[in-house]
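# Structure at a glance
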Amino acid sequence: MSAERAAIVTGASSGIGLAIARVLAEEGFALTMAARRPEKLDAAVAGLAADGFDVQAVAANIADEAEIQKVVEAHRARHGRLDVLVNNAGVGVGATVAEIQTKRLDMQLDINLRSIILFYRECIGMLREAAAEHKNVLVVNTSSISGKHGEAWLSVYSAAKHGVVGWTESMNKELGAEGIKSTALCPAFVDTPMTDFVKEHVAPEDMIRPEDIAESVRFLLRVSPACIVPEVTFVRPGDAL
Ligand SMILES: NC(=O)c1ccc[n+]([C@@H]2O[C@H](COP(=O)([O-])OP(=O)(O)OC[C@H]3O[C@@H](n4cnc5c(N)ncnc54)[C@H](OP(=O)(O)O)[C@@H]3O)[C@@H](O)[C@H]2O)c1
């Protein structure tokens, strides 16, 4: 039996993506959860399945177009509809400009930006069908506070995340009137595996919780079709605004 509402979450095996997946499951969405490493993803999916939620895992490297198509096809085969798409998978690799390696440059652009564009393209048919039904389709794109302010050393990551904010704005202009609403999430440090590199200097308990970010998605699900939230920014006390 197909679900009444269904969602895809990328980067769903840990951190922010896993927290968003839990909120969507609690809100009644059947889920396809995608991430790169199968064992880690299977463990995350098993955690939600143990709580009785309708979840499937699709391991995929979303730097690869064919793998993106695999995720979308697996979702379509199981649920046949898509009401919420969460483009959350991301990676950051620091380097000064002189040290930038082409392979790492391409990887960051592919995962953080190109994959989002391809997910929209591959999902647009299902998103349009859902929008025609209820005018309240949501696409969440995880950018970063580095998508609002350029960062030294994390310059490539920062450029990709600025691209996510710009892409989100474009999609609202192109698809908003149809009932497909896009939101860029722009957090400062969140306590996830991604920030392990900085935890010697910033204590995990001083970081934003993944659940804080996920709660914003619960809010986005509740706003009326008349309201688009283009962007949500999350900072820590004392952060420059
Ligand atoms: N933590 C922060 O302070 C912070 C702040 C601002 C924005 N963000 C953004 O938030 C998003 C989630 O990050 P997080 O902090 O929750 O980190 P995380 O716990 O490391 O999660 C990253 C997720 O992305 C997946 N992923 C990475 N590369 C992938 C690929 N090529 N194909 C498929 N999945 C891939 C990971 O799967 P594997 O582990 O299997 O690779 C994992 O599920 C990212 O876009 C990140 O840039 C994070």
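Right above here is the structure, for reference.
Scope of this entry: the structure provided in the associated data block. (Residues numbered from 1 in each chain as written. Predicted model: local features only at pLDDT ≥ 70, side-chain atom pairs only at ≥ 80, totals over all residues.)

## Some remarks on the overall build of the protein
When helices and strands are counted, the protein shows six helices and seven strands. Taken from N to C terminus, the helices and strands of the protein fall in the order β-α-β-α-β-α-β-α-β-α-β-α-β. Taken against the 2.2 N^0.38 rule, which gives 18 Å for 241 residues, the C-alpha radius of gyration of the protein at 17 Å falls within 12% of a compact globule. Counting all 241 residues of the protein, 43% fall into the buried class. When contacts within the protein are restricted to residue pairs at least 6 apart in sequence, those whose partners lie at least 24 apart make up 69%. (Helix = DSSP H or I, 4+ residues; strand = E, 2+ residues; numbered from the N terminus. Rg over C-alpha atoms; globule rule 2.2 N^0.38 Å. Buried ≥ 20, exposed ≤ 12 C-beta atoms within 10 Å, placed from the backbone. Contact = placed C-beta atoms within 7 Å.)

## Topic: the site of the ligand
The local shell around the ligand holds 31 residues, among which Gly11, Gly15, Arg37, Gly90 and Thr192 are the closest. At three residues, helix H1 (residues 15–26) tops the list of elements feeding residues into the shell around the ligand. Among the residues making up the shell around the ligand, the classes are represented as 14 nonpolar, 14 polar and three charged. (Near = placed C-beta within 6 Å. Nonpolar A, V, L, I, M, F, W, Y, C, P; charged D, E, K, R; others polar.)

## Things to note about unusual backbone geometry
One non-glycine residue with positive phi stands out, namely Lys135, at about 60°. Relative to the helices and strands, Lys135 resides in the loop between helix H4 (102–134) and strand S5 (137–142). The residue Trp153 is not glycine, and still its phi comes out positive at about 70°. Relative to the assigned elements, Trp153 resides in the loop between S5 and helix H5 (155–175). The class of Trp153 is partly exposed, set by 14 C-beta atoms lying within 10 Å.

## Some details on H5
With 21 residues, H5 should reach 30 Å at 1.5 Å per residue; the first-to-last C-alpha distance of 30 Å fits that figure. Tucked inside the fold, the buried residues of H5 contact H4, S5 and strand S6 (180–187). (Expected span 1.5 Å × (residues − 1).)

## Describing H1
Given a rise of 1.5 Å per residue, twelve residues ought to cover 16 Å, and the 17 Å separating the end C-alpha atoms of H1 matches this to within 8%. Across the twelve residues of H1, eleven count as buried, placing the element largely inside the fold. Among all positions in H1, only Gly15, Ile16, Gly17, Leu18, Ala19, Ile20, Ala21, Arg22, Val23, Leu24 and Ala25 are buried. Directly beyond the C-terminal end of H1, a positive phi value near 95° is found at Gly28.

## Regarding the environment of Leu154
Considering the arrangement of structural elements, one finds Leu154 in the loop between S5 and H5. By C-beta crowding, Leu154 is classed as partly exposed, having 18 other C-beta atoms within 10 Å.

## A look at the nonpolar core
Grouped together as the largest cluster of nonpolar side chains are 67 residues, with contacts concentrated most on Leu24 and Met33. If one sorts the elements of this core by residue count, H4 sits on top with ten residues. (Core = buried A, V, L, I, M, F, W, Y, C linked by C-beta atoms within 7 Å.)

## What to know about the packing of H1 against helix H6 (residues 210–222)
When two helices pack together, their arrangement is given by the angle between the helix axes and the distance between those axes. Interhelical geometry of H1 versus H6 gives an angle of 40° and a closest axis separation of 8 Å. Viewed along their axes, H1 and H6 adopt a mutual orientation that is oblique. Once H1 is placed against H6, the crossing between them reads as right-handed. In contact with Gly15, Ile16, Ala19, Ile20, Arg22, Val23 and Leu24 of H1, H6 contributes Pro210, Glu211, Ile213, Ala214, Val217 and Arg218. Looking at the contact of H1 with H6 residue by residue, the class counts come to nine nonpolar, one polar and three charged. (Axes fitted to C-alpha atoms, helices over the stretch in contact; angles between N-to-C directions. Parallel < 35°, antiparallel > 145°, perpendicular 65-115°, else oblique. Left-handed = near helix turned anticlockwise from the far one by under 90°.)

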